[in-house]
Amino acid sequence: MAPLAVSQAAFLLALLSLRTSQSEVLSEHLPLIPESLNISINSKQQCLHLQWHVHNLTYHQELKMVFQIEISRIKTSNIIWVGNYSTTVKWNQVLHWTWESELPLECAMHFVRIRSMVNDARTPRSRAWSNWSPWMEVDEVLEEPKSFSCETWDLKTLNCTWDPGNDVDLLRHPPPTYTLSESFSGKKKICKHRNWCNWQVSQDSQETYNFTLMAENSFRKRYVSILFNLAHRVHPSVFNVELESRGATNATVTWMAHPIGDHFKFLCQVELHGEGKLIQSDISTEAPGQLSFSDLEPVTEYLARIRCAVANHFWKWSEWSGRNFSTLETAPHKAPDVWRTVKSMLGSCNVTLFWKPLSKSHAGGKILFYNVVTENQDEPSSVELSSIRAPANGTTLTLDRCPHHIHVTANNSVGTSPASVIGISGDLENKEVEEGRVQGTKDGINLSWKPPSGDVIGYVVAWCDRPWDLPCDLQWKKLGPNTTSTVISSDAFRPGVRYYFKIYGISPERMAQLLERKTGYSKEWPPSDNPRVSISNQTAQSFTLNWKDYSTDSQPGFIRGYHVYLRYKAKQCHPGFNKAFLSEAVCLGTTEDSVCCKYKIDNPERKTFVVENLQPKSSYEYLVTSYTSVDEGPRDSFSKITTSDEHSYVLVRVLLPMVFCLLLIAVLCYLKSQWMKETCFPDIPDPYKSSILSLLKPTESPHLTIMNVSDCIPDALEVVNKPEGSKTQFMGARKSLPDIDSTKLDYIYVLPGEKNHTGRGPCVCFENLTYNQAESDPGPCGHAPVLHKASPSPLELLTSPEHLLTSLEQSYTHAPGEIPAGETILNYVSQLASPISEDKESLLINPLEPELCSEYRMQMVMPLGFASPSPSANSNLSSITLLGQGEHGR
């Protein structure tokens, strides 16, 4: 801790010595003079008290200084005392010193000044006197009266006035006395007031007066004198100002002045004030006199005031004397200025009326309400009246498509104004009128138009600060029929705001026809924002800039085009671009190895630009700004883009079509495979949805139904092995499938049993591997493979649909239980491949476990005679399944 304390003490000592040295240096270079000298008088002790500051001392600095003080009396050159005052001066210290006078301070004027010198051993070289402060005057004796003057208002009495100045110490001294004396007459008068005194004019026709005013107290006297001609000091007085008469727009006032004499003429000034401003000023030479005012506004407060002076020898105006009065009310004598907007509705139109308030001179008084009369031109007797209370300046009407006349009048307590008539036609405004542009000047916005072909009684220019389909503060100006141009100036015009104008021609029938549309600015500004740019079609050598969403109508000026800036590392700009100056604000920040290029687009409707001739795998910076006639948009930061590799781009161009083609081929192959499956390998159909039912036409039995699978029990099974050469036919009682050896089976036949081989009835079986439909007697359906007559070959049946349909129809139309001799019974043809005879015979010796066949064939309907054909080795017909009468296929 001890080393730390020693180090801190050493640091503080060093800092203190540094501060001291700095103080000494400052004291050597900065002047230390007394300032803000203030002197006060102590009359009781007859002494002067001085106080002052010494500036330019640093914080906590102390110096020994000597101050030398000089005091003069009556004048500055008469120095009566010089002395020194030594003291130690601190920063921001107020110094005091007092001097006692041997002579009373009220007897003479005194002057004081002071200077200083540093008398400190630490600053030996700075021991020199500073400059003297300015002399300060100290005056406590009586002041000389100021502004002494005398005048008369009736040539009988003179009124003399003066300014006595500051009061002396009334606690120690009595107030001064004032004595007025006139040298020509030798008269004298002691004044009772300290600032004015009256003097009676002598009756001996004295014209010239020489007055002396003496101010006196216990220490001294003061004198002032004045010499004047009595006729030149006449100050008249005006009185009795009266209102002689008044009306709605005129008034007469009278006044009087105190008489002076027959040889004096008056000059009177009459002023009329209204609403806090001077309206009229006249001069009259009559007193008493009168003056009439005209062109006044009804129901308005006015002030008439008069003052007069002597015209022979002008001395000064009299004091103002006035009278307040108010004009009377009268009926409005001008029609309201009315305009309208029209909007289409279903079968009608919506009319909004606007009118401007009448001026006070035209209103005749306070407007109470407005009357709006609507007259249908097709039905003159159809008139509607509505009253709108003031101060409303518009209303809305719903009218049909017929032409109308609308009359608007203003009403006060005295009467009604003339009517303002406006016509509404059944036709809407011509919306195909093109919109032109206008430019603003310092005087306003200049408008001009072409006169219409028909007669007009005038024109109306209407304007708004928003598009016409939006609510806005509608303004309008009516012009004469011989006017085809005007300057629209308004205090409401704001720079950077787009205004929309419509110019109408008014026909003799008071109908308005839209002639032209205009839009413009009183003063254009630069664009408030720049377009938001997106990139498209980027390649290794180019990319496209898009700003189609940029709105030009909302900008504070007409967009004249765009500047496309491109910044990249190069020495020259691309063709079509111009090198931009680095001093331009938008190009600030461009390095020496880069170039800032600019392309100008003059068409404001063009909002795309293709940047071409670029280098692959290169970085570019771009910026798009809009511009008006004033300047371009704000300085925004550049956006960066890097072009792609040329080889990768080519690879993408090759791979993408290839991938697309492969996907297309895969989809086509999938669809084709589905089609092939449905065509070649259809799903098992539903018998209730079979199309064969529509071919069968029952004649006797209307109760044919499709048998369920569970209702069909086979009489016998014929199992055929796949190897060719053996043929075994299994006949007899039913056997269940589990009794057959577990050997792979390729074909399964359902054969007729041993019973009920006679009395077979016709059996109809069709189109399904598992299901069939039969029409028969309650007796069993015969399935003996007996051919009643020569039948066509199975192949012929399979390929000849007409044979199939004929056999089905013939079998189906017979009555149950009847089989005509020599006709074929139709049985179901299995989808299983037809086995050879060797396979059938082998079933009796080596029964096999049944197994479904994986090969399917087209299902057909065949005659019963082909139930057990003797196929050859190359036979590829479907096998035939025969069911016993009354049994069900399973």
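Rules behind the numbers
Residues numbered from 1 in each chain as written. Predicted model: local features only at pLDDT ≥ 70, side-chain atom pairs only at ≥ 80, totals over all residues. Heavy atoms only, no water. Helix = DSSP H or I, 4+ residues; strand = E, 2+ residues; numbered from the N terminus. Buried < 20%, exposed > 50% of the residue type's maximum accessible area, 1.4 Å probe, protein only. Contact = heavy atoms within 4.5 Å. Areas by Shrake-Rupley, 256 points an atom, 1.4 Å probe, with all protein chains shown as cover. Lys, Arg positive; Asp, Glu negative; His and termini not counted. Salt bridge = Lys/Arg side-chain N within 4 Å of Asp/Glu carboxyl O. Patch = residues over 30% accessible without salt bridge, like charges linked within 9 Å, V, L, I, M, F, W, Y side chains within 5 Å. Phe/Tyr/Trp six-rings, centres within 6.5 Å; stacked < 30°, edge-to-face > 60°. Pairing = 2+ DSSP bridges. Axes fitted to C-alpha atoms, helices over the stretch in contact; angles between N-to-C directions. Core = buried A, V, L, I, M, F, W, Y, C linked by side-chain atoms within 4.5 Å.

Colleague: Looking at this structure, how should I read the overall build of the chain?
Modeller: Looking only at helices and strands, the chain has six helices and 48 strands in total. Buried residues in the chain amount to 41% of all 890 residues. Pairs at least 24 apart in sequence give 68% of the contacts found in the chain among residues at least 6 apart. Counting only carbon and sulfur atoms, one obtains 52% of the accessible surface of the chain, whose full area is about 49900 Å².

Colleague: Looking at this model, I keep getting lost on the side chain of Glu632. Mind explaining?
Modeller: Within the secondary structure, Glu632 sits in the loop between strand S42 (619–627) and strand S43 (639–642). No salt bridge is formed by the buried Glu632; its nearest oppositely charged neighbour, Lys598, is found at 6.0 Å. Other than its neighbours up to four places away in sequence, Glu632 contacts Pro526, Pro527, His563, Tyr565, Val586, Thr625, Ser626 and Tyr627.

Colleague: Any chance you could explain a nonpolar patch on the surface here in plain terms?
Modeller: A surface patch of nonpolar side chains, amounting to about 640 Å² of accessible area, comprises Phe660, Leu664, Val667, Leu668, Tyr670 and Leu671. One can find Phe660 in helix H3 (residues 646–680). By relative accessible area, which is 55% here, Phe660 ends up exposed.

Colleague: Sorry, what's going on with the packing of aromatic side chains here?
Modeller: According to the stated counting rule, one finds 26 aromatic pairs in the structure shown. Each ring, one from Tyr209 and one from Phe211, has its centre 5.8 Å from the other, and the planes form 0°; the classification is stacked. Here Tyr209 falls in the buried class, since its relative accessible area comes to 1%. Centroid distance Phe577 to Phe609: 5.9 Å. Interplanar angle 80°. Geometry classified as edge-to-face. One end of the pair, Phe577, is in the loop between strand S38 (561–568) and strand S39 (578–579); the other, Phe609, is in strand S41 (residues 608–611), with 32 residues separating them in the sequence. You can call Phe609 buried: its relative accessible area is 5%.

Colleague: Help me out: how do you make sense of the sheet that holds strand S34 (residues 498–506) in this one?
Modeller: Sheets are built from strands that pair by backbone hydrogen bonding, the pairs being arranged parallel or antiparallel. Overall, mixed pairing links the five strands, which are arranged S29-S35-S34-S31-S32 in an open sheet. Single-partner strands in this sheet number two, and they are strand S29 (435–439) and strand S32 (475–479). Each strand of the sheet is rotated relative to its neighbour by a mean of 25°, with strand direction disregarded. Strand direction decides the pairing type here: S29 and strand S35 (residues 512–521), joined by five bridges, are parallel. Directly across from Gln439, in S35, lies its bridge partner Tyr521.

Colleague: So what exactly am I meant to see when it comes to the sheet that holds strand S26 (residues 394–400) here?
Modeller: With antiparallel pairing, three strands are arranged side by side in an open sheet as S22-S23-S26. Where the open sheet ends on each side, the last strands, each with one partner, are strand S22 (337–345) and S26. Taken over all neighbouring pairs, the strand axes of this sheet differ in orientation by 25° on average, direction set aside. Strand direction decides the pairing type here: S22 and strand S23 (residues 348–356), joined by nine bridges, are antiparallel. By the bridge assignment for S23, Lys343 is matched with Asn350.

Colleague: Would you mind showing me how to read the nonpolar core here?
Modeller: Soluble globular proteins: nonpolar side chains tend toward being buried together. Counting 28 residues, the largest nonpolar core has Trp339, Leu353, Trp355, Val372 and Ile406 as its most contacted members. With four residues, the top contributor of residues to this core is S23. Every residue in contact with Leu353, bar those within four places of it in the chain, is listed here: Val338, Trp339, Arg340, Val372, Asn393, Gly394, Thr395, Leu397, Ile406, Val408 and Ile422. The next biggest cluster of nonpolar side chains, apart from the first, holds 22 residues, and it includes Val54, Ile71, Trp99 and Val138.

Colleague: Help me understand the pairing of S38 in this model?
Modeller: For a regular strand, the rule is simple: side chains alternate between the two faces of the sheet. Most of S38 sits out of view: eight of its eight residues are buried. Here S38 shows a buried face lined by Gly561, His563, Tyr565 and Arg567 and a second buried face lined by Tyr562, Val564, Leu566 and Tyr568. Alignment of S38 against S42, held across seven bridges, turns out to be antiparallel. By the bridge assignment for S42, Tyr562 is matched with Ser626.

Colleague: What is the right way to read the pattern of salt bridges from this model?
Modeller: A side chain with one charge may pair with a side chain of the opposite charge, provided their charged atoms come close. Counted by the stated rule, this structure contains 13 salt bridges. Glu242 is paired through a salt bridge with Arg323; the nearest N and O atoms lie 3.1 Å apart. With Glu242 in strand S15 (residues 238–246) and Arg323 in strand S21 (residues 321–326), the pair connects residues that are 81 residues apart, well separated along the chain. Overall, Glu242 belongs to the partly exposed group, its relative accessible area being 35%. Measuring nitrogen to oxygen at the nearest pair gives 3.2 Å for the salt bridge that ties Glu621 to Arg567.

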